[in-house]
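# Examination of the molecular architecture
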Amino acid sequence: MRRIIIFDGVCNFCNQTVNTILKHDKAGMYQFAPIQSVAATELFQEFGLDQKGLSTVILIEGGHVFIKTTAVSKISANLSGWPYLFSILKYIPKPLADLFYDAFAKYRYQLFGKQLNCIVPERSYRDRFLA
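This section reports on the structure supplied with the text.

Cut-offs used in this document
Residues numbered from 1 in each chain as written. Predicted model: local features only at pLDDT ≥ 70, side-chain atom pairs only at ≥ 80, totals over all residues. Heavy atoms only, no water. 1 Å grid on protein atoms, 1.4 Å probe; cavity = no way out; pocket = protein on both sides within 12 Å on 5 of 7 lines; lining within 4 Å. Points joined across faces, edges and corners; volume = space filled by probe spheres on them. Helix = DSSP H or I, 4+ residues; strand = E, 2+ residues; numbered from the N terminus. Nonpolar A, V, L, I, M, F, W, Y, C, P; charged D, E, K, R; others polar. Pairing = 2+ DSSP bridges. Right-handed = clockwise from strand over helix to strand, strands pointing away. Phe/Tyr/Trp six-rings, centres within 6.5 Å; stacked < 30°, edge-to-face > 60°. Buried < 20%, exposed > 50% of the residue type's maximum accessible area, 1.4 Å probe, protein only. Lys NZ or Arg CZ within 6 Å of the ring centre and 35° of its normal. Axes fitted to C-alpha atoms, helices over the stretch in contact; angles between N-to-C directions. Contact = heavy atoms within 4.5 Å.

### Some points on the layout of surface pockets
- Size it by volume and the largest pocket reaches roughly 760 Å³.
- In this structure, the largest pocket is lined by 30 residues; those nearest its centre are Phe13, Thr17, Val72, Tyr101 and Phe104.
- When residues of the lining of the largest pocket are traced back to their parent elements, those giving at least two are strand E1 (3-7), helix H1 (12-24), helix H3 (68-76) and helix H4 (94-106).
- The element best represented in the lining of the largest pocket is H1, accounting for seven residues.
- Of the residues belonging to the lining of the largest pocket, the class tally is 21 nonpolar, seven polar and two charged.

See below:
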């Protein structure tokens, strides 16, 4: 089953999160596509998603699309170590969890900064990134 994480490739926090996922995804089950990539644009079209103004992580898994805290909890459930703890988000009422998610997402650039270009993955992980 394909599992693709679409993330903001210029967001410093998002890039650090991707690095954490790579480190704790021992089975190598996730692939990644920066939202700024052609691959992400094609996935948006395939799944009928609106890319404009999007400010969330997206997980595509088994032909389904998950966003915000649902995506975070599903991703975390498959990770080893401390990131697994975020899987408890599935027990928090979605409207409440997403309220905090949206607030954090709104200010992520101010809190962590952004880059001019998308990250370049380490050589050992390049095959897990979609262009």
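Text resumes after the structure shown.
### A word on the pairing of strand E2 (residues 31-34)
- Taken together, the four bridges between E1 and E2 define a ladder with parallel strand orientation. What sits directly across from Ile6, in E2, is Ala33.
- Assessed by its sense of winding, the connection that carries the chain from E1 through H1 to E2 is right-handed.

### Re the packing of aromatic side chains
- Counted according to the given criterion, the structure contains seven aromatic pairs.
- With a centroid separation of 5.9 Å and an interplanar angle of 55°, the aromatic rings of Phe104 and Phe112 are classed as tilted.
- Relative accessible area serves as the criterion here: at 32%, Phe104 is assigned to the partly exposed category.
- Grouping aromatic residues by their ring pairs yields a cluster made of Phe7, Phe32 and Phe129.
- A cation sits over an aromatic face here: Lys74 above Phe66, 4.7 Å from the ring centre.

### So, the sheet that holds E2
- If you walk across this open sheet you meet the four strands as E2-E1-E3-E4, and the pairing is mixed. Only two strands of the sheet have a single neighbouring strand rather than two, namely E2 and strand E4 (64-67). Adjacent strand axes in the sheet meet at a mean angle of 20° when their direction is disregarded.
- Against the sheet, H1 engages E1 and E2, with an angle of about 160° to E1.
- Strands E1, strand E3 (58-61) and E4 of the sheet are contacted by H3, whose axis makes an angle of about 105° with E4.

### Re the pairing of E3
- The two faces of E3 match: Ile58 and Ile60 on one face and Leu59 and Glu61 on the other face are all buried.
- As judged from the four bridges shared by E1 and E3, these two strands associate in the antiparallel manner. Considered in E3, the bridge of Ile6 is made with Ile58.
- One ladder, built from four bridges, connects E3 with E4; its direction is antiparallel. Looking at E4, one finds that Ile60 is bridged to Val65.
- Hairpin connection, E3 to E4: the antiparallel pair is bridged by two residues, and Gly62 has positive phi, about 60°.

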